[in-house]
Amino acid sequence: MSHLTIAMPKGRIFEEAYQMLIDAGFNLPEEVEMSRKLLIEIPEEQIRFILAKPMDVPVYVEHGVADIGIAGKDTLLELRRNVHELLDLKISQCYIASAGLPNTTMNEIAPRIATKYPNIAMNYYKEIGEQVEIIELNGSIELAPMIGLADRIVDIVSTGRTLKENGLVEYEHITDVSSRLIANPVSYRMKSARIQELVSRMKNIVG
Amino acid sequence: MSSIKMFEKPLGMRDTFPITYEKTEKVRQIGREFLRARGFDFIQTPSLEYFDTVGKASAIYDASLFKLVDSQGNTLVLRPDMTTPIARVATSKLLKEKIPLRLSYFANVFRAQQSEGGRPAEFGQMGIEIIGDESVFADAEVIITVIHLIQAFGIDSFKITIGHAGVLNCILKDYTESSEQADTLRTLLVERNYVGFEEAVESFDLPITKSNALLQFISEATNFVSIGEIEKYVRKNDSLKYMQQLMELIEVGGLTQYVALDFTLSSHMNYYTGMLFEVFAQGSGFALGNGGRYDGLLQHFGTNVGATGFGIRVDRILEVLPSEPSPDQTVAIIFEEVLFAKALEMAGAYRAEGKRVTLQSLKGLADEKAFTKHFDKVVYVSQEDGAE
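Residues numbered from 1 in each chain as written. Chains lettered and ligands numbered in written order. Predicted model: local features only at pLDDT ≥ 70, side-chain atom pairs only at ≥ 80, totals over all residues.

- In the annotation of an unreviewed UniProt entry, the entry for chain B reads ATP phosphoribosyltransferase regulatory subunit, and the organism field reads Ureibacillus sinduriensis BLB-1 = JCM 15800.
- The UniProt entry for chain B carries this comment under Subcellular location (unreviewed entry): "Cytoplasm".
- Annotation of chain B in UniProt includes, under Sequence similarities (unreviewed entry), the sentence "Belongs to the class-II aminoacyl-tRNA synthetase family. HisZ subfamily." (UniProt positions renumbered as here; feature names shortened; annotations may be inferred.)

- As recorded by an unreviewed UniProt entry, chain A carries the name ATP phosphoribosyltransferase and is attributed to Ureibacillus sinduriensis BLB-1 = JCM 15800.
- UniProt's Sequence similarities (unreviewed entry) comment on chain A is quoted here verbatim: "Belongs to the ATP phosphoribosyltransferase family. Short subfamily."
- According to its UniProt record, chain A has this under Pathway (unreviewed entry): "Amino-acid biosynthesis; L-histidine biosynthesis; L-histidine from 5-phospho-alpha-D-ribose 1-diphosphate: step 1/9."

Listed below in structure tokens is the structure:
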């Protein structure tokens, strides 16, 4: 059996995906101590987990230091890495939308969009035929329209509560997002049997 | 004022240090002898080509091209691959002399980086092109050659995945309702987005038999062991028969174990008209190389002959190759000025034994200890004690 390295995002997605692997019959310890650890070895299954920032998972997988990984569709769309997208795990489901102050229209001359996802935002507005200026922020995106930095924001929406609490309304639904199982193209070939087996076991859990 | 520091190189450009240089040279030697023995002639083409000819015809995305302007205002490109320049020279000249042509190359190609590092913008590529032979034997020769070549480098753990544009097109056409749907699915396969493929199939509202067939195809298509398994998805056609023949020829060559079928394999370039393949090896996160039949490219240059070939990346072979210590024996001869003649003579003798000899005057040596530790053997030619 070949050794498998899996890149996982830290936090809630890790826990959910880890539980899915257990449900799929992988012999993993129920409790995994993951305070500050970045590498977890599971010798019984010949699996090693790399714990990474969600945005970095596709990078590890593309460079082949991880064979497979679990990444949000948002990071895949934003980074456009050369990885195989194998399975929709249907966990941490949410969507990307544009939002702004209620009853406003975008500035006609140079509409400004604040976002963590410059590529997704740029592609979306290009496709609907609008030329916009992107302002890249790293967090608290909702601030931007409130203080006049941008006309719209493009961000992840799960319940819509954050938008509401900040007095913003959703304008356009851009795309659905959920966690995906991705694979490095070489690993997908060289460890084909192992990865295929994992995919089909996970597929049964997803239903 | 420029913000570039003196030590910087353009994004993705790398220096080749002696150890890498020697490794590359070894790869070149092995490859060159191997390919020449199989009747391939090496050629070289210019580093610069016109954007309107080679640049536009190349399979490399526009954003990855290095562009320059010549003194007449024409846009030039640094060659982004070797297949396109070879197609140019073959159609304009070489094909008039000999058909079919068997050409090979070992050259650096240039692909601009978008943003991050981690991969070179200039790298060596080695490959072959068989031009003017449309038979399945030419394709079999290409695949057998690439397998033997990789073995010649001493790489054991590798895989070739083969698909066929014709088979895929037939499936996509038969199970969708419009060519737009087929194109959407093909684009998703180029991106290797299997999840997107399934979603798209479901969104098309196809008759249930068609959508089920597509969904089942995508779940099995990367794992076919034999050509027989695809037959239930595709009506009898020439492409399928062609693949059957090709796999039989590979079996005759005794190389079936290195080959896997992948009928989702698709290229963003429409000039890949027939079989196409990718080469993967354990040890690199990226494909070693790829190849296939590209009859459409020759048409672009105005000739109607078939062509097939492969290119593999030298930088990735270096990643995969085990590192070996250099077999060379190095000798430093450090001499006093007046004994130069003796030192010369001694150097000649050592070189005749096949050793790498460095001749260094004691006068010009700043740090003797730091210098001598780089050599297997150090010989002093001095007046007090003679040759040591």
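Still to come is the rest of the account.
### Points about the overall build of chain A
Phase 1 of the analysis: Helices and strands together make up the secondary structure of chain A, namely 8 helices and 11 strands.
Phase 2 of the analysis: Expressed as lengths along the three principal axes of its C-alpha atoms, the size of chain A is roughly 60 × 30 × 30 Å.
Phase 3 of the analysis: Looking at chain A alone, contacts between residues at least 24 apart form 66% of all its contacts between residues at least 6 apart. (Helix = DSSP H or I, 4+ residues; strand = E, 2+ residues; numbered from the N terminus. Contact = placed C-beta atoms within 7 Å.)

### Considering the domain arrangement of chain A
Residue and element names in this part refer to chain A.
Phase 1 of the analysis: As assigned here, chain A comprises domain 1 (4–92 + 178–206) and domain 2 (94–177).
Phase 2 of the analysis: The centre of domain 1, based on its C-alpha atoms, is set 30 Å off from the matching centre of domain 2.
Phase 3 of the analysis: Taken together, the contact pairs 8 residues of domain 1 with 9 residues of domain 2.
Phase 4 of the analysis: The element contributing the most residues to the side of domain 1 that touches domain 2 is helix α3 (residues 73–79), with 4 residues.
Phase 5 of the analysis: Of the residues in the side of domain 1 that touches domain 2, the class split is 1 nonpolar, 3 polar and 4 charged. (Domains from an automatic or database assignment. Nonpolar A, V, L, I, M, F, W, Y, C, P; charged D, E, K, R; others polar.)

### Looking at the sheet that holds strand β1 (residues 41–42) of chain B
All names here are of chain B.
Phase 1 of the analysis: On the basis of which strands lie adjacent, the open sheet formed by 8 strands has the order β1-β5-β6-β11-β10-β9-β7-β8 and mixed pairing. Bordering the open sheet on either side are β1 and β8 (259–261), each of which pairs with just one other strand.
Phase 2 of the analysis: Both strand β6 (residues 122–131) and strand β11 (residues 307–313) contribute to a ladder of 7 bridges, which runs antiparallel. The partner of I130 across the bridge, within β11, is T308.
Phase 3 of the analysis: Strands in contact with helix α4 (residues 136–152) are β6, β7 (158–164), β9 (275–281), β10 (289–293) and β11; relative to β11, the strand with the most contacts, it is inclined by about 15 degrees. (Pairing = 2+ DSSP bridges. Axes fitted to C-alpha atoms, helices over the stretch in contact; angles between N-to-C directions.)

### Regarding helix α6 (residues 179–190) of chain B
Count 3.6 residues to each turn of an α-helix, and residues three or four apart come out pointing the same way.
All names here are of chain B.
Phase 1 of the analysis: Taking 1.5 Å of rise per residue, the 12 residues of α6 would be expected to cover 16 Å, and the 16 Å separating its terminal C-alpha atoms lies within 8% of that figure.
Phase 2 of the analysis: Every buried residue of α6 is listed here: L185, R186, L188 and L189. What you see down the axis of α6 is that its buried residues fit within an arc of 160 degrees, all on one side. With respect to the buried face of α6, the exposed residues turned more than 90 degrees away are S179, E180 and D183.
Phase 3 of the analysis: Its buried side turned inward, α6 meets α5 (165–174) and α7 (194–203).
Phase 4 of the analysis: Phi turns positive one or two residues past the end of α6, at R192, with a value near 60 degrees. (Expected span 1.5 Å × (residues − 1). Buried ≥ 20, exposed ≤ 12 C-beta atoms within 10 Å, placed from the backbone. Arc of directions from axis to C-beta.)

### Here's the deal with the interface of chain A and chain B
How big an interface is tends to be reported as the loss of accessible area on association of its parts.
Phase 1 of the analysis: On the chain B side, the residues contacting the 16 residues of chain A number 16 residues.
Phase 2 of the analysis: Going through the elements one at a time, α2 (57–63), β5 (84–88) and α7 (185–190) of chain A are the ones with two or more residues in the side of chain A that touches chain B.
Phase 3 of the analysis: Considering every element that reaches the side of chain A that touches chain B, the biggest residue donor is β5(A), with 5 residues.
Phase 4 of the analysis: Across the side of chain A that touches chain B, the residue classes break down as 6 nonpolar, 5 polar and 5 charged.

### Considering the UniProt feature "binding site: L-histidine" (unreviewed entry) in chain B
Residue and element names in this part refer to chain B.
Phase 1 of the analysis: Under the UniProt annotation, "binding site: L-histidine" (unreviewed entry) lies at D81, M82, T83, R111, Q125, E129, Y271 and Y272.
Phase 2 of the analysis: Residue placement: T83 occurs in helix α3 (residues 83–92).
Phase 3 of the analysis: For T83, a count of 26 C-beta atoms within 10 Å gives the class buried.
Phase 4 of the analysis: Beyond its immediate chain neighbours, meaning those up to four positions away, T83 contacts E129, Y294, G309 and G311.
Phase 5 of the analysis: Residue position: Y271 is located in the loop between β8 and β9.
Phase 6 of the analysis: Given 21 C-beta atoms within 10 Å, Y271 falls into the buried group.
Phase 7 of the analysis: Once residues lying within four places of it in the same chain are set aside, the contact partners of Y271 are Y294, G296, L297 and H300.

### Let's talk about helix α4 (residues 118–127) of chain A
Residue and element names in this part refer to chain A.
Phase 1 of the analysis: Taken residue by residue, α4 has I120, A121, Y124 and Y125 as its buried positions. Along the axis of α4, the buried positions cluster into a sector of 120 degrees, meaning they face one direction only. More than 90 degrees from the buried face of α4, the exposed residues found are K126 and E127.
Phase 2 of the analysis: Here the buried face of α4 lies against α3, β6 (94–100), β7 (112–115), β8 (133–136), β9 (152–157) and β10 (169–177).

### Concerning the environment of N166(A)
Residues and elements named next belong to chain A.
Phase 1 of the analysis: Relative to the assigned elements, N166 resides in the loop between α6 (161–165) and β10.
Phase 2 of the analysis: For N166, a count of 16 C-beta atoms within 10 Å translates into the label partly exposed.
Phase 3 of the analysis: Sequence separation of N166 and I91 is 75 residues, and the distance between their C-alpha atoms is 26 Å.
Phase 4 of the analysis: When neighbours within four sequence positions are excluded, N166 is seen to be in contact with E142 and M146.

### Some remarks on the nonpolar core
Phase 1 of the analysis: Formed by 113 residues in total, the largest nonpolar core has its most connected members in V61(A) and V146(B).
Phase 2 of the analysis: The dominant element in this core, judged by the number of residues it contributes, is α4(B), at 8 residues.
Phase 3 of the analysis: Of all hydrophobic cores here, the second largest spans 18 residues; its members include I113(A), I141(A), I153(A) and I174(A). (Core = buried A, V, L, I, M, F, W, Y, C linked by C-beta atoms within 7 Å.)

### Re the confidence of the model for chain B
Any region with low pLDDT has predicted coordinates that should not be read closely.
Phase 1 of the analysis: Residues with a pLDDT of 70 or more make up 97% of chain B, whose mean pLDDT is 90.
Phase 2 of the analysis: Here the predicted complex scores 0.87 on pTM and 0.81 on ipTM. (pLDDT = per-residue confidence, 0-100.)

### Some details on the pairing of strand β2 (residues 39–42) of chain A
Phase 1 of the analysis: In this sheet, strand β3 (residues 47–52) of chain A lies alongside β2(A) in antiparallel orientation, the contact comprising 4 bridges. Residue pairing in the sheet places I42(A) in a bridge with I47(A) of β3(A).

### Digging into unusual backbone geometry
Phase 1 of the analysis: Residues I99(B) and P100(B) are joined by a peptide bond in cis, for which omega reads -10 degrees.
Phase 2 of the analysis: Among the structural elements, P100(B) can be located in the loop between α3 and β5 (101–110).
Phase 3 of the analysis: Despite not being glycine, S140(A) has its phi angle at roughly 45 degrees, a positive value.
Phase 4 of the analysis: A positive phi angle, close to 65 degrees, is found at D205(B), a residue other than glycine.
Phase 5 of the analysis: Residue position: D205(B) is located in the loop between α7 and α8 (208–220).
Phase 6 of the analysis: Residue D205(B) is classed as exposed on the basis of its C-beta count, with 8 C-beta atoms lying within 10 Å.

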